[in-house]
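# Close look at the chain arrangement
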Amino acid sequence: MHSVADAAAAVAARIERLGVERVPLREARGRFLGEPIVATRALPGFDNSAMDGYAVRAADLPATLPVYATVAAGDAPAAAIPERVAVRIFTGAPIPAGLDTIVIQEDATAAGDRVTLPAVPRGDNVRPAGEDVAIGERAIDRGAKLGAGELGLLAALGVADVPCIRAPRVAIIATGDELVDVAAQLRPGQIVDSSAHMLAATIRDAGGVPSYIGIAKDDPATLAELIARALDHDAVITTGGVSVGDRDHVHAALAAVGVQLALYKVAMRPGKPFSFATRGRVPIFGLPGNPVSTFVAFELFVRPALLAMQGATITARPRVPVHLAGGYRKQAGRAHYLRATALRDGERLIARAHPKQGSAMLSGLVGCNALVEVAADVELVAPDAVLPALLLEAV
Ligand code: AMP
Ligand code: MG
């Protein structure tokens, strides 16, 4: 059996970054930059006023000067300004050539067409061209995730089509004779394919585009057919069918489409039967069937892989120390991932494990914002002891 760390490293080693595509700026939120953005224009593009006031030559001050002209934001810079005058100016307006300083209007005393101005330091309230971003400067690095700030900067730089790494298209195949669609009337023995919906959400959260292939009956031939069909995606996820039961056909189906397992069984709970293979560049994740096992295995192995495919600089969840209220007891051998709610208490994070920790108990995932990791060799965790936790949301 592989340790979680070894399994994660083995998966990561086989993941390749996807290609770059141009994405309209409006649709680029949450995507990852595929090439560094080098500024082809300066920000600001011209020296401009940071305040409403008067543009002057600092060397002329203090003085009472004639107000020669007015420039507002959007005006083209005024040409040829004579010696010893002030220009009425507004925020964002270009500084007239030859002038070097803005006196804010609160410090000015205007009378008729003249204004009396105190001495101020040269360059006061001037925003020089390029002080934010200079031409040729690397404004955003490859691998950056595009959020509000990055999108604003890209727009200011005139990048209308953004070079983004392709968002991985991820095929979901559920396996099991018992599974039916959420809208179906359940016949005896049937349950809803709930994991398909859970995975569609986790895939989107990781920047991927889910594509639901469907439910494979528990026979290796149909399953192999669905897997073969899904191989034109960037990644494939199957759920269930990876244990050792007579009805567990994922491994046989993979063999039938010519795919060799790279990894099987990880010393973790839930999620032990996690399986992994690749076909060319396409990773195939055989997630265990119990929904909480599916969730935890996705978090540990699939999410980092989808982020790596997108060239993300950070692929891991933040791992933070938490105080585990109530403590914990287990056998040595497997790392346990407790579904927990973490709350801030001053400087500390307190994690409360959900009372329902069964791997089939979906209710234990409700409100869960942390997976508390109890290492494989640990047997006893004292109440309030500090353990690492994967934070699924910022707290
Ligand atoms: P398996 O590994 O196929 O034996 O599945 C383990 C458990 O998970 C069984 O109780 C299955 O009914 C359940 N299960 C498997 N796949 C899904 C799914 N897509 N949605 C909900 N439950 C599932
Ligand atoms: Mg099954």
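Residues numbered from 1 in each chain as written. Chains lettered and ligands numbered in written order. Predicted model: local features only at pLDDT ≥ 70, side-chain atom pairs only at ≥ 80, totals over all residues. Heavy atoms only, no water.

### A closer look at the overall build of the protein
Check the secondary structure of the protein and you find 6 helices and 28 strands. Principal-axis analysis of the C-alpha atoms gives the protein an extent of 95 × 50 × 40 Å. In the protein, which comprises 395 residues, the share counted as buried stands at 46%. Considering only residue pairs separated by 6 or more positions, the protein has 71% of its internal contacts joining residues 24 or more positions apart. Accessible surface computed for the protein: about 18800 Å², of which carbon and sulfur atoms make up 52%. (Helix = DSSP H or I, 4+ residues; strand = E, 2+ residues; numbered from the N terminus. Buried < 20%, exposed > 50% of the residue type's maximum accessible area, 1.4 Å probe, protein only. Contact = heavy atoms within 4.5 Å. Areas by Shrake-Rupley, 256 points an atom, 1.4 Å probe, with all protein chains shown as cover.)

### A closer look at the sheet that holds strand S20 (residues 275–279)
The sheet built from 6 strands is open, its strands ordered S16-S13-S17-S21-S20-S18 with mixed pairing. Both edges of this open sheet fall to strand S16 (209–216) and strand S18 (261–264), since each of them pairs with a single strand only. Strand-to-strand twist in this sheet, taken as the mean axis angle between neighbours without regard to direction, amounts to 15 degrees. Two elements, strand S13 (residues 169–175) and S16, share 7 bridges in a ladder whose sense is parallel. Bridge assignment links Arg-169 to a residue of S16, and that residue is Val-209. Strands S13, S16 and strand S17 (235–239) of the sheet are contacted by helix H4 (residues 220–230), whose axis makes an angle of about 165 degrees with S16. (Pairing = 2+ DSSP bridges. Axes fitted to C-alpha atoms, helices over the stretch in contact; angles between N-to-C directions.)

### Here's the deal with the packing of helix H1 (residues 4–13) against helix H6 (residues 291–309)
For the pair H1 and H6, interaxial distance at closest approach is 10 Å and the crossing angle is 25 degrees. One way to sum up the angle between H1 and H6 is to call them roughly parallel. In terms of crossing hand, the pair formed by H1 and H6 is right-handed. Residues Val-4, Ala-7, Ala-8 and Val-11 of H1 touch H6, and the partners they reach there are Leu-300, Phe-301 and Ala-305. Residues belonging to the contact of H1 with H6 are distributed by class as follows: 7 nonpolar, no polar and no charged. (Parallel < 35°, antiparallel > 145°, perpendicular 65-115°, else oblique. Left-handed = near helix turned anticlockwise from the far one by under 90°. Nonpolar A, V, L, I, M, F, W, Y, C, P; charged D, E, K, R; others polar.)

### Examining the nonpolar core
When a protein is soluble and globular, its nonpolar side chains tend to lie buried together. Ranked by internal contacts, the top residues of the largest apolar core, which has 40 residues, are Ile-237, Phe-274, Phe-285, Leu-287, Phe-301 and Leu-306. For this core, the elements supplying multiple residues, two or more each, are H1, S13, helix H3 (194–205), S17, strand S21 (282–287), H6 and strand S24 (335–345). The element best represented in this core is H6, accounting for 11 residues. Those residues in contact with Ile-237 that sit more than four places away from it in its chain are Val-170, Ala-171, Ile-172, Ile-173, Leu-199, Ile-203, Phe-285, Leu-287, Phe-298 and Val-302. (Core = buried A, V, L, I, M, F, W, Y, C linked by side-chain atoms within 4.5 Å.)

### As for the site of ligand 1
Around ligand 1, the surrounding shell holds 17 residues, and the nearest of these are Glu-178, Asp-193, Gly-241, Gly-289 and Asn-290. Between ligand 1 and Gly-241 there is a distance of 2.9 Å, counted from an oxygen atom to a backbone nitrogen or oxygen. Secondary structure elements with two or more residues in the shell around ligand 1: S13, strand S15 (191–192) and H3. Here the shell around ligand 1 is built from residues that sort into 5 nonpolar, 9 polar and 3 charged. (Near = heavy atom within 4 Å. Polar contact = N/O pair within 3.5 Å; in protein donor to acceptor, adjacent residues only side chain to side chain.)

### Quick notes on the pairing of S21
Most of S21 is tucked away: 6 of the 6 residues are buried. Taken together, the 4 bridges between S17 and S21 define a ladder with parallel strand orientation. Residue pairing for S21: Ile-237 is matched across the bridge by Phe-285. Inspection of the sheet shows S20 paired to S21 by 5 bridges, in the antiparallel sense. Residue pairing for S21: Ser-275 is matched across the bridge by Gly-286.

By themselves these figures say nothing about function.
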